[in-house]
Amino acid sequence: MHRIILLFAAALLVCVPSLPLSAQVSSQRPGASRASAATTPASAAQSPEEKAIRALANAYVKAYNMHDARAVGALFTADAQIVDQQGGAIQGRAAIEQVFADLFAAHPQASTSVTIKSIRFLNPSLAVEDGTAYVVLDEGAPAEPNDYTVLHIKQDGRWLMASARDLEGSGAPSSEHLKQLAWLIGEWIDESPEALVKTSYRWDDSRNFMLSDFTVQVAGKPVMNGTQRIGWDPLHQTLRSWTFDSEGGFAEGVYTRNANRWIIKMTGVTRDGLPATATNTITQLGRDQMSWQSRDRTVGGEPQPDISEMKVVRTPPKPM
């Protein structure tokens, strides 16, 4: 039983998540960093109408980065709609304003930028904008790109957004989604009176996967080692991991992210064929430190004790 616990304690130090909230509002063009707030500037060859739409995009970015939900809402028509990648819709200017107010309250460091790819005019009062939005919800988090399309309508001489939609299956390649875990690259150690767990992380050659090796020692003697691969699941729009230990057990993890915390739902099989589950949480505490804990643990359908939060630190460099 002790080895079963070690399987989850060692192999699940890696994790990653999706950003449902950022995906939801990125259809309104969330983005990268506060310092890079402007969209692609207009050129002299662009028509006055195209320049007006680009100015609208700049106004959105400015209002977002100032956390002015009312100003963001004012850029939409009264009956505007925004739709996320999962098909969830928000209807009406008041509802859109409230979504942004809630977002800014939950993420005081949120910022955005957009890159416009094209603007097409269907008639003098109707235009379609396609581009990529980037959003950073929390300080130090990587920008999450997402492709979008916006329908603009000219009302009373002013361009407004009538519809904004995320493009399903669009946005970042696998390597972009994995950047949120780039801080894990390197070697980590968790040392306690009971065990010593060493874990290392590196990119594969394509950078579409993160690879991990781990070893577990008890009383100074090796008892287990294994490998883990982390990647992006484009079908279910989430990060997953696959872990294999030296005793013949394996597990799969599905990740959800909340700011600097990742929650991983683990399902696995021990070498004896017993199903095992756990909910693990890792929290980035800084460049060289993170915490890890595990709860809702079962083996063969039987509940197992929770593992309380423990600190894991980056292995210090070897002396010259």
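Before reading on, note that the structure itself is shown above.
Here's a quick rundown of the structure. Here the structure is a predicted model, which is why all the values come from computation and not from measurement. (Residues numbered from 1 in each chain as written. Predicted model: local features only at pLDDT ≥ 70, side-chain atom pairs only at ≥ 80, totals over all residues. Heavy atoms only, no water.)

### Comments concerning the overall build of the protein
Then, number 1: Broken down by element type, the protein carries six helices and 17 strands.
Then, number 2: Taking the contacts inside the protein whose residues are at least 6 apart along the sequence as the reference set, 51% of them involve residues at least 24 apart.
Then, number 3: Total accessible area on the protein stands at roughly 15,000 Å², and carbon and sulfur atoms take up 54% of it. (Helix = DSSP H or I, 4+ residues; strand = E, 2+ residues; numbered from the N terminus. Contact = heavy atoms within 4.5 Å. Areas by Shrake-Rupley, 256 points an atom, 1.4 Å probe, with all protein chains shown as cover.)

### Some points on the pattern of salt bridges
Then, number 1: Enumeration according to the criterion identifies 11 salt bridges in this entry.
Then, number 2: Note that Arg202 is salt-bridged to Asp213, the shortest N-O span being 2.7 Å. One end of the pair, Arg202, is in strand S8 (residues 196–203); the other, Asp213, is in strand S9 (residues 209–218), with 11 residues separating them in the sequence.
Then, number 3: On the basis of relative accessible area, Asp213 is assigned to the partly exposed category, the value being 30%.
Then, number 4: One network of salt bridges, with partners in common, ties together Asp233, Arg240 and Glu252. (Salt bridge = Lys/Arg side-chain N within 4 Å of Asp/Glu carboxyl O. Buried < 20%, exposed > 50% of the residue type's maximum accessible area, 1.4 Å probe, protein only.)

### Describing the nonpolar core
Then, number 1: With 32 residues, the main nonpolar core has Tyr60, Tyr64, Phe76, Ile96, Phe100 and Met161 as its most contacted residues.
Then, number 2: Counting only elements with at least two residues in this core, the list comes to helix H3 (48–65), helix H4 (69–73), strand S1 (76–83), helix H5 (93–106), strand S3 (111–123), strand S4 (126–136), strand S5 (144–155) and strand S6 (158–166).
Then, number 3: For this core, the leading source of residues is H3, giving seven residues.
Then, number 4: Counting residues in each nonpolar core, the second largest holds 22 residues, with Leu178, Trp183, Leu239 and Ala251 among its members. (Core = buried A, V, L, I, M, F, W, Y, C linked by side-chain atoms within 4.5 Å.)

### Quick word on the sheet that holds strand S2 (residues 89–91)
Then, number 1: Spatial ordering of the open sheet is given by S2-S1-S6-S5-S4-S3, a layout of six strands whose pairing is mixed. Both outer strands of the open sheet, S2 and S3, are each paired with one neighbouring strand and no more. Mean inter-strand twist for the sheet, computed between neighbouring axes without regard to direction, equals 20°.
Then, number 2: Bridge count between S5 and S6: eight bridges; the pairing is antiparallel. Its bridge partner being in S6, Thr149 is matched across the sheet by Arg165.
Then, number 3: Helix-sheet contacts for H3 involve S3, S4, S5 and S6, and the interaxial angle to S3 is about 155°.
Then, number 4: Contacting S1, S2 and S6, H5 crosses the sheet at an angle of about 55° to S1. (Pairing = 2+ DSSP bridges. Axes fitted to C-alpha atoms, helices over the stretch in contact; angles between N-to-C directions.)

### Focus: the pairing of strand S10 (residues 221–233)
Then, number 1: With 10 bridges joining them, S9 and S10 adopt antiparallel strand pairing. Considered in S10, the bridge of Phe214 is made with Gly226.
Then, number 2: Taken together, S9 and the strand that follows it, S10, pair antiparallel across an intervening segment of two residues, in which Ala219 is found at a positive phi of about 55°.
Then, number 3: Of the strand pairs in this sheet, S10 and strand S11 (residues 238–245) are connected by eight bridges, and their pairing is antiparallel. Paired with Trp232 across the two strands is Leu239, which belongs to S11.

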